[in-house]
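Breakdown of the fold
Next come the chains, spelled out residue by residue.
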Amino acid sequence: MLKTTLAGSLPKPRWLAEEEKLWAGWKLAGDDLAEGKRDATILAVKLQEEAGLDIVGDGEQARQHFVHGFLANLEGIDWEKKTRMGIRNNRYEADVPTVTGPIRRKGSVHRMEAEAARANTTRQLKFTLPGPMTIVDTIADAHYGRREDLAFAFAEALNEEALELQALGVDVVQFDEPAWNVYMPQVAEWGMAALERAAKGLTCTTAVHICYGYGIKANIDWKATLGGSWRHYEETFPVIARSSIRQVSLECRNSRVPMDLIKLLDGKDVLVGCIDVASNDIETPEQVAATIREAMKFVAPEKLFPCTNCGMAPMSRNVAYGKLASLAQGAKIVCDELRR
């Protein structure tokens, strides 16, 4: 009950990559980089255990970016042909690689991290992958022509990877879909179908993470334009409720998301974001407990998983792991209350 977990990414050690950057440049190369990625993955797992998390992850330590880290081992992508395009409906621009041929996996993408994490923890292991719609929104297309077709091509590659992760002992496969808070009508039209294709055949726990983005300026500025009530989830939650996806990870702490919207997820496990990733203030355990108590008005405690709002890659390591410790302590407060 009230098992704690994280949304995905964590800061990388200063000896591995640049500090407090989303697209952190590597400080190592060649065999040293490969060894450093593995060491950082194991360290992240151990630090999550030390913080008290019940369900741990690889912290995305071997990926420079949550989307492009997966794309790196796919055929059909020209990394030299960069296209400047708007991301998340032109919230910000980036130079992205271009799809120039059929999308296929060259082989395992994240086997090393999954094996390293699984070998170094007895706790439940969660692994994150980018969702099909979010990938489509983060790469240029010069081959498929329709966003739906491109999404399903990526979904097939994601499915191959997810099935392999499951076979390696991963307990939870989560697909990250921040684009679902931008293109809400398309979720029902083709986004959910693409996600279901990515999750096809999985018997482990499946999750979808829908947030309002990393704590970077472009996202913070965008949130300031959304008004006093953020109701994006109102359009997508009913679609998810009808799906086979078991868990939904959402943003709550310091957001303007009406908590009662989670009633639309009846029957699903809800990963409630109790940790703000856009602030360096470390929540107190009691603040975490207060968010959990509010969520429990609308979802049973056995289906509630305290979590972070989003990934924490751009944060300092001390702040990120301090927040995780508060997350675990806050969940314990409420668990103790429920046992009385």
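Up top is the structure these notes are about.
**Regarding the overall build of the chain**
Assigned secondary structure in the chain consists of 10 helices and 10 strands. For the chain, the C-alpha radius of gyration of 19 Å lies close to 20 Å, the compact-globule estimate for 340 residues. Out of the 340 residues in the chain, the part that is buried amounts to 60%. Counting every atom, the chain has about 13,500 Å² of accessible surface; 46% of that belongs to carbon and sulfur. Averaging the positions of the 42 positive and the 47 negative side-chain charges in the chain gives two centres separated by 2 Å.

**Here we look at the state of the cysteines**
What the rule picks out here adds up to zero disulfides. Here Cys310 stays free of any disulfide, with the sulfur of Cys211 as its closest cysteine sulfur at 3.4 Å.

**A look at the sheet that holds strand β10 (residues 304-308)**
Taken in spatial order, the seven strands of this open sheet run β1-β4-β6-β7-β8-β9-β10, and their pairing is parallel. Each edge of the sheet is formed by a strand with only one pairing partner; in this case those strands are β1 (55-57) and β10. The average undirected angle you get between the axes of adjacent strands in this sheet is 30°. As defined by bridge partners, strand β8 (residues 247-250) adjoins strand β9 (residues 269-275) across four bridges and the pair is classed as parallel. Within β9, the position partnered with Ser249 by the bridge is Leu271.

**Overview of the packing of aromatic side chains**
Within the structure shown, the criterion is met by one aromatic pair. Consider the rings of Tyr233 and Phe237, whose centres lie 4.6 Å apart with planes at 10°: the pair is stacked. With Tyr233 and Phe237 both in helix α8 (residues 233-241) and four residues apart, the pair spans about one turn of that helix. Look at Phe237 and you get buried, because its relative accessible area is 0%. The aromatic ring of Tyr183 is capped on one face by Arg147, whose charged end is 5.3 Å from the ring centroid.

**Re the pattern of salt bridges**
In the structure shown here, the tally under the stated rule is 25 salt bridges. The partner of Glu148 in a salt bridge is Arg146, and the shortest N-O contact between them spans 3.5 Å. Overall, the relative accessible area of 44% leaves Arg146 in the partly exposed class. With its nearest N and O atoms 3.4 Å apart, the salt bridge here joins Arg339 to Asp336. Here Asp336 and Arg339 lie together in helix α10 (residues 317-339), a separation of three residues that amounts to about one turn. Through salt bridges that share partners, Arg105, Arg111, Glu115, Glu160, Glu161 and Glu164 make up one connected network.

**Some points on the pairing of strand β6 (residues 172-176)**
Taking burial as the measure, the five residues of β6 include five buried ones, the bulk of the element. Residues Val172, Gln174 and Asp176 of β6 are buried on one face, and the alternating residues Val173 and Phe175, pointing to the opposite face, are buried as well. With five bridges connecting them, strand β4 (residues 124-130) and β6 associate as parallel partners. Along β6, the bridge assignment pairs Pro130 with Asp176. Here β6 pairs with strand β7 (residues 205-210) via five bridges, running parallel. Along β7, the bridge assignment pairs Phe175 with Val208. You can see the chain leave β6, run along helix α6 (residues 184-198) and come back into β7, and the turn it takes is right-handed.

**Examining unusual backbone geometry**
Located in the positive-phi region is Glu20, a residue other than glycine, with phi close to 55°. With respect to the helices, strands and loops of the structure, Glu20 is situated in the segment before α1 (30-51). Although it is not a glycine, Glu60 sits at a positive phi angle of roughly 55°. Looking at where Glu60 falls in the secondary structure, it is placed in the loop between β1 and α2 (68-71). Overall, Glu60 belongs to the buried group, its relative accessible area being 4%.

**A closer look at the side chain of Ser255**
By the element assignment, Ser255 lies in the loop between β8 and β9. For Ser255, a relative accessible area of 15% gives the class buried. A polar side-chain atom of Ser255 sits 2.9 Å from the main-chain carbonyl oxygen of Cys252. For Ser255, the side chain forms a polar contact with the main-chain nitrogen of Val257, separated by 3.3 Å.

**Some points on the environment of Glu160**
As for its placement among the helices and strands, Glu160 is situated in helix α5 (residues 147-167). A relative accessible area of 41% means that Glu160 is categorised as partly exposed. Within the local environment of Glu160, its side chain forms a polar contact with the side chain of Arg105, the two groups lying 3.3 Å apart.

**Remarks on the nonpolar core**
Formed by 98 residues in total, the largest nonpolar core has its most connected members in Phe154, Phe175 and Phe237. Setting aside residues no more than four positions away along its own chain, Phe175 makes contact with Leu129, Pro130, Gly131, Leu158, Ala162, Leu195, Ala198, Ala199, Leu202, Ala207, Val208 and His209.

Thresholds applied
- Residues numbered from 1 in each chain as written.
- Predicted model: local features only at pLDDT ≥ 70, side-chain atom pairs only at ≥ 80, totals over all residues.
- Heavy atoms only, no water.
- Helix = DSSP H or I, 4+ residues; strand = E, 2+ residues; numbered from the N terminus.
- Rg over C-alpha atoms; globule rule 2.2 N^0.38 Å.
- Buried < 20%, exposed > 50% of the residue type's maximum accessible area, 1.4 Å probe, protein only.
- Areas by Shrake-Rupley, 256 points an atom, 1.4 Å probe, with all protein chains shown as cover.
- Lys, Arg positive; Asp, Glu negative; His and termini not counted.
- Charge placed at Lys NZ, Arg CZ, Asp CG, Glu CD.
- Disulfide = S-S within 2.5 Å.
- Pairing = 2+ DSSP bridges.
- Axes fitted to C-alpha atoms, helices over the stretch in contact; angles between N-to-C directions.
- Phe/Tyr/Trp six-rings, centres within 6.5 Å; stacked < 30°, edge-to-face > 60°.
- Lys NZ or Arg CZ within 6 Å of the ring centre and 35° of its normal.
- Salt bridge = Lys/Arg side-chain N within 4 Å of Asp/Glu carboxyl O.
- Right-handed = clockwise from strand over helix to strand, strands pointing away.
- Polar contact = N/O pair within 3.5 Å; in protein donor to acceptor, adjacent residues only side chain to side chain.
- Core = buried A, V, L, I, M, F, W, Y, C linked by side-chain atoms within 4.5 Å.
- Contact = heavy atoms within 4.5 Å.

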